[in-house]
Structure formats: structure tokens, C-alpha cells
Amino acid sequence: MLRYFLLFWQTAFLVAVLLPIGNAQELDRSALPIPLSPFEGEIGETYKESTPDWQSPVSAPADAPNVIIILLDDVGFGQTSTFGGLIPTPNLDQLAGEGLRYNRFHTTAICGPSRAALLTGRNHHDTGNGFLMEWATGYPNYSTMIQPDTATIGRILKGNGYATWWYGKNHNTPDWETTVAGPFDRWPTGMGFEYFYGFNAGETHQFYPVLFENTVPVEPTKTPEEGYHFTTDMVDRAIARMQFSKSVAPEKPFFMYFAPGAMHAPHHVTAEWRDRFKGKFDMGWEKYREIVFQNQLDMGIIPPGTKLTPRPDWVPAWDSLSDDQKQVYTALFENFAGYFAHTDHEVGRLLDAVKELPDADNTLIMYIVGDNGASSEGGPDGTLNEIANLNGLNQSIDDILKNLDKLGGPETEPHYPVGWAWAGNTPFQWVKQVASHLGGSRNPMVISWPAKIQHDAQPRDAFLHLIDVVPTILEAASVPMPETVDGVSQKPLAGKSFLASFTHSNFQGRSEQYFEILSNRSIYSDGWKANAQHTIPWRQDLAPGNWDEDRWELYNLTEDFSEANDLASQNPTKLSEMKEKFDRAADEYHVHPLDDRGAARLAIPKPSVPGAVKNSKRFVYHSGAIRIAEPAAPPMKNNSWTLTADISSQGEQTEGVIMGFGGVAAGIVLYVKDGKPVFDYNYFDHHTKIEADTPLASGEHTIVVDFIYEGGGVGKGADVTLKVDGETVGQGTMDATVAGRFGIDTFGIGEDSGQPVTNDYQAPFKFNDKIKTVTIEIN
């Protein structure tokens, strides 16, 4: 009996092990979805004459690795210690010490387009992501609507037997599609990811994130005072799911896309982390660049002979600054460094957990250190309210100094000044958004795969781009790019695999690649690069136009790693050839029409929620209507409007938010506190507050806010009247209103989810009585 028992289990083992391998070799993976395995049993008249055969879903190819992509946000080439920078990143250092560093890896120079290119393997314009969704326009290459013919790596791997998860930032779902009405096919869960935990925006508040789990809005389980921070939260959840998955199905590989909000503003971190960097950057930005440049040379990050590009006229000399300026500028960068150190620590916890997996050695980690270069969106002086800057309003030094004690905390949305962005991109010119130059588009990358990669201290110097990541993962997993996905023929991948670089240090990479963001343009071809810088990132109010007048530069990157020696005047023939190549690439990858508008494009109305009444001027909501993104909410900026709330009250015991829109940076809220109705308009931390003198009586009431906009352009003033049951209980006048966006938070009824619009209450401050309806009429 024992002999037959052992024979049975030996046979079962061989079937379990060999059949999936055989199926993987014979399986047609050219079309997704892949059907269940063929039924090979027999079906008779009854079960007695029949032979069962369980059909099975597709399995991943044999030895397919787990894959983790870690993508940071807004990081300069010269910021991390791993690439010579002065911010210690010991966990990134350790990963590099186990794998490979890449020093010629490229992004699109801004977040949403970079992420679209990374996830699809196509150029960003071909995915509809020529720029960001907040600036979207009605052209297919600028709508930010990813089409079914550019399936993501998540969808491809899911269809080939992988578990697929997305944590953190999603800046690739148009925000007018992020309500309960959907559609959900451009959410992470509709683009091939079985689980999503994160935010649908370009950034989020790290203490009050606008969170979704799959497609359901959720709130953090702790408050900032209790120690909540979003990066910690997403690491905890990523580790838990990874461990759970391997406990249940240890042989099933996973794909994890881990994209924290860091290092994008707002730079939120506790004083414990920030204070570690007190005085560390008192040398100023020129000296910072000199130190980092020498580090990069000594470490072999940049080749001998590289030149340090000079300080441009848009960055003042550090020695020319006043003491107040130096105090503010260093404090803001110390805060950023603390935030970065905290991020490295948290990512380190994830990397440590990976090492405990049963198949840790067969885990491919691709750590892309930034989706673009360091950001100058803090403006010339930096800011404690980054959303104001994006609306074209820069804070003064005096304003920042008065509130410097709040730096990094929940009440602020900090960003450092332009000079530190320039320093962070050592040794290159320019910054984030400026796709014409390497300061905008060249980012560090570290790759580890213990089963396949041996550490090499010398960086790989192949010219690579985000579009090359998808084909590399597919080759590593032995998965072909499908010809059709869900019945839709696929656009060809624009990228090419660089898997060979894992074992061959002389791998050369791409021969050609174009770049374009906000009319900043560049073309790379066989070592040459031609650049036309057009717009200034911290001047959203400027749209230069006159594209034909842009001055083109020419660099030979084979001899000039940092774009320091402009050869345009010496080699006009080569420059003309390169400009023609850009034009051909722009036609092939659908770059046109060029558009250099910043704030003006931000103010363009976006599509209505699918299924909503087009051009409606009347909106009716009920309690629980929350997390409605700004473009999907009523157009309450640059317009007159009337809000009517029909509620029930218990008198002085009644409290909570009736309508909240926006958050810490800017927004509007109607709430009841101690029984008294209150309206507050937060104009970039300047509050117009109108409060009733007496509490509501018990019973039903109608509360009305009349908002009379003075007109004559955007961002103008307004008169506000607060009424209860037809009687005026308060009035106020505003000299200016928000013209562009309230920011990164959303619209909701019955609570102020995410960030609070005002610190007069603790979010979400849910309304504790009944809201019958809230009606908003645009006048």
C-alpha cells in the first residue's frame, strides 16, 4: 500500500510541475485574455460514463520573476547619495551595492506623461498624455485618456498569470472620470491591476491623503497627531499583501508598481526627520553643486572630462542673498531632505521584506529615482503653499518667515526655491518640465535581480528611456507583447528591451528618442542631441508663443555628458539635420499641436462627468457624495452661484460639514459648529469667514450662500451673503478668489474628507444630523 501511495504522489508531483511548463511552452500568448486550458475529459450521458478534467487558468511562464517597479517623484540627478548627492539614501545605496546603477536613463520631464510611457511602453503623446490631466485639452494626444490600444504592463502580466498591484500615485486617470459614475476602465483596476491603494492626482497631502482602495474612497486609520503618514501606510499595505500572496500561492509571481507621492510637493515630514539636516546646506547651492560634481566624478557616476554647467541668470548667487532669504531657502531644503530620508527609510522596509520572500532571489527590482528632474515649481523664493504657486501666485519671504514654525506640518504645503532645484540636477542645466535639457529628463535608476545580476560598481551608460521598461520586463518574464488585448489590436511598443545590459556592460541602448513637454523640445540621435527650451516652469502665467523664434542648441553627448558645450554655431548642418529628425518624430508620435499655455490651460473647462447633463447650471447632491474631483464638481470659480442646503438641526448640538471643496491650500466650506452656520473661503490661507450670531433652532432649516462674482476676468473679487430661512445672518467681501484650482483635494457633501479647508475643525467633521439636499446653481 505504501508503494502505491508513494507512486501516486510522485505522479501527482510530476503532473503539477511538468504540465505548467509544457503548457507555457505551447501556449499561444499573442492574444489576451487567454482562455482556460482545453477540457480533456469525457462527457457521457451521466457522470457514471463521464471523466472529469479540471480546466485551469493561465499560469506565468516557468521561472518568471516577481517584478517591483519603485518610482519616486520629482528627484534630481544629484540629490541622492547613491549618485553623489548630499541627501543620505542608505537603502538605495544598499540596493545599488547588490545590483546595477544606470546613469543615462531618461524620463519625459514631467510626471503623468512619464508614468504613461512607463506603464505602456509607448511614447507619452501616443497614450494621450502629452501633458497633465489638469491641463488637458480636447486633442487625442493631450486628453490624458489612455486608449485600449495601449494596454499597460499590468494588463499584460495579469493576462499571463501574474498578480498585479498598484500602490501610491495614479496621475493617469482623467480626474473627471474619478467619481462614483466612472467609467472605471482608466482606473488602475481597469488597466490591469487587481488591487489599487493610492490617490488619483498629481500629488497628495501626506498627512491627509485623498485615498481610494480600488475604486472606493477611504480615509486613513490614524490622524497626523497619532503618527499617520501616507508613505508609511502604503509600505505597510504593500508588505502585507506581498506576504499574504506568497503565503497562499508561493509559486505565483507578482508585479508591484510602487509609486509614493514622495518626493513631489507638498514636502511633509515631522521635525524629527527635518532636524537631522539642520545646517547641512548652509554652504548654498553653488557650493552644493561643486561638492556633488566632485562626488560624481570620484564615484564614476559621470565620466572624466565632464564639465559642471555654470549658474544661469535665473538663479541668484548665494552670496547675494539676504540673511532672511538664506534662512528660508535652507529651511525649505532641510525639510525636503528630511522628507527624502524618511522616504528612503520606508522604501527600505519594503526592500527588507522582499528579502524574506521564499523566492527573493527571483525578484526583479527596478528603482527609478524620479519621474523627472528636481522641481522648480516652488518659485524663486519657495513656498509654504505650493498650490498658490501653481495658480501663478508666489509667496513673499516675509509671509514664509512668519509661518516657518509650521514647516512640513499638516497646515503647510511646502516646496523649496528654484535655486535648490538647479542644484539638485547637478551637473545638468534646467529642471523639471524642461524636456529640452537633461536637468528635466535624466534620472538615476538602480536595478537588482539576485538570480540574474551580479553587482558591478561601474554604472551602465546605455541611453535608455521609460518606454524601454515594459519590453525589458516582458523579456525577463518570457512573455510576448500581445497582438490584441480584449479584442483590440495593439499599437507597437516604442521601447526596446535592455535586458542584455544586465549581463553586458557595453550595451548601447537607444539610437534615437524625442522629448517634448510644454513646447520644450529635444531630439537625441546616435550621440547627438538638439534642444529648444521654450517655457519657464515657475511662470505658469507666461505663454511665449513664437515657436519659430526658439533658439536651438546642439550637443555631442558622446563627448559632453552634461550638455555643457553648445555646438550649434559651429555645426549648423548637423543642427538642421537634427531639427528635421525632431519634426519627423513629432509627426510619427503625434506631438502636435504644440501648446505652451500654463495657467491659461489650467483654467480651460474639462469634460463633464460621463453621463452628466452637459453644460448644466444646476447640481443636486445628497449626503455621502464625496471625493468628487475638481473638474467633476460644480464650476464654483470665476462664476456667481447660489448654494441651498435643506437640513435638519438639533440646535446647539448640531455640527459638521454641509459642503466642503478643496483643502489646506485653498477651498470653500459651509459647516455648522456649536449650532451656528459658518461659511469660509480659503484663498491660499487668507480666510473670509462669515458666521451666524445665533445657533439654529431645532427643526428643519434652509441655509443659503449667495456668491456674487464681480466678473471682468478670472480670480476677481466677490460679495458673499449667508442666509438662514430667508434671513441674512452674515455678509462678507473678497478682493480676490481662486482662478485656477483649489488644489489636490476634492468636493463632498456631509463631510470634509481628506484635508480640512479650515483648522476650525478636525477633518472629516461629518455632519451629525440630516442633510436632505444640497443644491448649487451657477448664475
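Preceding this section is the structure that the text describes.
Residues numbered from 1 in each chain as written. Predicted model: local features only at pLDDT ≥ 70, side-chain atom pairs only at ≥ 80, totals over all residues. Heavy atoms only, no water.

A. The arrangement of the overall build of the chain in detail. In terms of helices and strands, the chain carries 15 helices and 28 strands. With respect to the three principal axes, the spread of C-alpha positions in the chain is 90 × 85 × 50 Å. Per-residue burial for the chain yields a buried fraction of 60% across its 779 residues. Within the chain, contacts between residues at least 6 apart in sequence are counted, and of these 74% link residues at least 24 apart. Looking at the chain as shown, the accessible area adds up to about 29900 Å², and 50% of this sits on carbon and sulfur atoms. (Helix = DSSP H or I, 4+ residues; strand = E, 2+ residues; numbered from the N terminus. Buried < 20%, exposed > 50% of the residue type's maximum accessible area, 1.4 Å probe, protein only. Contact = heavy atoms within 4.5 Å. Areas by Shrake-Rupley, 256 points an atom, 1.4 Å probe, with all protein chains shown as cover.)

B. Geometry of the environment of tyrosine 761. With respect to the secondary-structure elements, tyrosine 761 resides in the loop between strand E27 (747–749) and strand E28 (771–778). Linking tyrosine 761 and valine 657, residues 104 residues apart in sequence, is a C-alpha distance of 9.3 Å. Setting aside anything within four residues of it in sequence, one finds tyrosine 761 in contact with Val657, Val669, Tyr671, Asp752 and Pro756. A polar side-chain atom of tyrosine 761 sits 2.6 Å from a polar atom in the side chain of aspartate 752. (Polar contact = N/O pair within 3.5 Å; in protein donor to acceptor, adjacent residues only side chain to side chain.)

C. Region of the structure containing unusual backbone geometry. The peptide bond linking alanine 262 to methionine 263 adopts the cis configuration, its omega dihedral lying at 10 degrees. Cis geometry is adopted by the peptide bond preceding proline 427, which originates at threonine 426 and carries an omega value of 10 degrees. With respect to the helices and strands, proline 427 occurs in the loop between helix H11 (418–424) and helix H12 (438–441). With a phi angle near 55 degrees, glutamate 563 is a residue other than glycine that sits in the positive phi range. Inspection of the secondary structure puts glutamate 563 in the loop between strand E17 (552–556) and helix H14 (572–588). Unlike most non-glycine residues, asparagine 638 shows phi in positive territory, near 60 degrees. Note that asparagine 638 resides in the loop between strand E18 (618–621) and strand E19 (641–650).

D. View of the nonpolar core. In terms of nonpolar packing, the biggest core is built from 165 residues, with Phe255, Met256, Tyr257, Phe258 and Trp420 touching the most fellow members. Among residues more than four places away in sequence, those in contact with methionine 256 are Val67, Ile68, Ile69, Trp165, Tyr167, Ala238, Met242 and Leu350. In this structure, Met636, Ala645, Leu696 and Phe747 belong to the second largest nonpolar core, which totals 46 residues. (Core = buried A, V, L, I, M, F, W, Y, C linked by side-chain atoms within 4.5 Å.)

E. Structural view of the packing of aromatic side chains. The tally for this structure, following the rule as stated, stands at 51 aromatic pairs. Seen in terms of ring centroids, tyrosine 197 and phenylalanine 230 are 6.5 Å apart; in terms of plane orientation they differ by 35 degrees. Their pairing is tilted. Within this pair, whereas tyrosine 197 is found in strand E5 (residues 195–199), its partner phenylalanine 230 is found in helix H5 (residues 230–248), the two being separated by 33 residues in sequence. Each of the two residues, tyrosine 197 as well as phenylalanine 230, counts as buried. Between tryptophan 285 and tyrosine 329, the aromatic rings sit 5.6 Å apart at their centres with planes inclined by 25 degrees, giving stacked as the arrangement. (Phe/Tyr/Trp six-rings, centres within 6.5 Å; stacked < 30°, edge-to-face > 60°.)

F. Molecular detail of the sheet that holds E19. Spatially, the six strands line up as an open sheet ordered E18-E28-E19-E24-E25-E26, and their pairing is antiparallel. Lying at the two open borders of the sheet, with one neighbouring strand each, are E18 and strand E26 (727–734). Averaged over neighbouring strand pairs, the angle between their axes works out to 15 degrees when direction is ignored. As paired strands, strand E24 (residues 698–709) and strand E25 (residues 718–724) are joined by seven bridges and run antiparallel to one another. Within E25, the residue paired with phenylalanine 707 across the bridge is valine 720. (Pairing = 2+ DSSP bridges. Axes fitted to C-alpha atoms, helices over the stretch in contact; angles between N-to-C directions.)

G. Examining the pairing of E19 more closely. Counting buried residues along E19, eight of its 10 residues qualify, which places the element largely inside the surrounding structure. For E19 and E24, the ladder comprises 10 bridges, and the chain directions are antiparallel. If you follow leucine 643 over to E24, its bridge partner there is valine 705. In terms of strand pairing, E19 meets E28 through seven bridges, oriented antiparallel. Residue pairing in the sheet places threonine 642 in a bridge with glutamate 777 of E28.

H. Up close: the sheet that holds strand E11 (residues 464–465). Taken together, the 10 strands give an open sheet; going across it, the order is E7-E6-E5-E4-E8-E2-E9-E10-E3-E11, and neighbouring strands pair in mixed fashion. If you trace the sheet from one side to the other, it starts and ends with strand E7 (216–218) and E11, each paired once. Judged from the five bridges that link them, strand E4 (residues 163–169) and E5 form a sheet pairing that is parallel. When the sheet's bridge partners are listed, tryptophan 166 is paired in E5 with phenylalanine 196. Contacting strand E3 (100–106), strand E9 (363–368) and strand E10 (442–448), helix H2 (residues 90–98) crosses the sheet at an angle of about 60 degrees to E10. Strand contacts of helix H8 (residues 323–354): strand E2 (66–71), strand E8 (254–259) and E9, with the helix running at about 165 degrees to E9, the strand carrying the most contacts.

I. Seen up close, a negative patch on the surface. Where like charges cluster on the molecular surface, the negative patch consists of Glu652, Glu655, Asp674, Glu691 and Asp693. Turning to its location among the elements, aspartate 693 is positioned in the loop between strand E23 (686–691) and E24. (Patch = residues over 30% accessible without salt bridge, like charges linked within 9 Å, V, L, I, M, F, W, Y side chains within 5 Å. Salt bridge = Lys/Arg side-chain N within 4 Å of Asp/Glu carboxyl O. Lys, Arg positive; Asp, Glu negative; His and termini not counted. Charge placed at Lys NZ, Arg CZ, Asp CG, Glu CD.)

J. Expanded view of the packing of H2 against H8. Their axes nearest at 8 Å, the elements H2 and H8 cross at an angle of 45 degrees. Overall, the two elements H2 and H8 adopt an arrangement that is oblique. Seen from H2, the contacting residues are Pro90, Asn91, Leu92 and Leu95; seen from H8, they are Asp344, His345, Gly348 and Leu351. Taken together, the residues of the contact of H2 with H8 break down into four nonpolar, three polar and one charged. (Parallel < 35°, antiparallel > 145°, perpendicular 65-115°, else oblique. Nonpolar A, V, L, I, M, F, W, Y, C, P; charged D, E, K, R; others polar.)

K. Looking closely at H14. Relative to the 24 Å expected for 17 residues at 1.5 Å per residue, H14 spans 24 Å between its end C-alpha atoms, a close match to the ideal helical length. Along H14, the residues classified as buried are Lys574, Leu575, Met578, Lys581, Phe582, Ala585 and Ala586. The buried residues of H14 occupy an angular sector of 140 degrees when the element is viewed end-on, so they sit on one face. Residues of H14 that are exposed and point over 90 degrees away from its buried face: Thr573 and Asp587. Backbone geometry just after H14 places histidine 590 at a positive phi near 60 degrees. (Expected span 1.5 Å × (residues − 1). Arc of directions from axis to C-beta.)

L. Structural detail: helix H7 (residues 285–299). Helix length check: H7 (15 residues) gives 21 Å between terminal C-alpha atoms against 21 Å at 1.5 Å per residue, within 8%. Of the surrounding elements, those touching the buried residues of H7 are H8 and H11. Just past H7, the residue glycine 300 takes up positive phi, approximately 80 degrees.

M. Spatial organisation of the pattern of salt bridges. All chains considered together, the criterion is met by 37 salt bridges. One continuous salt-bridge network, built from bridges that share partners, spans Asp73, Arg115, Lys169 and Asp371.

N. Inspection of the side chain of aspartate 175 at higher detail. With respect to the helices, strands and loops of the structure, aspartate 175 is situated in the loop between E4 and E5. Assessed through its relative accessible area of 3%, aspartate 175 is described here as buried. Among the polar contacts listed, one links the side chain of aspartate 175 to the side chain of arginine 741, at a separation of 2.9 Å. Look past the residues within four positions of aspartate 175 in its chain and what remains in contact with it is Met133, Glu134, Ala629, Pro631, Ala632 and Arg741.

O. Looking closely at the environment of methionine 659. With respect to the element layout, methionine 659 can be found in strand E20 (residues 656–662). Filtering out sequence-adjacent residues up to four positions away, methionine 659 remains in contact with Met636, Leu643, Ile668, Val669, Leu670, Phe747, Gly748 and Ile749.

P. Expanded view of the packing of H5 against H8. Relative to each other, H5 and H8 sit at 5 degrees, their axes nearing to 10 Å. One way to sum up the angle between H5 and H8 is to call them roughly parallel. Contacts from Thr231, Thr232, Val235, Asp236, Ala238, Ile239, Met242 and Gln243 in H5 reach His342, Glu346, Arg349, Leu350, Ala353 and Val354 in H8. Taken together, the residues of the contact of H5 with H8 break down into seven nonpolar, four polar and three charged.

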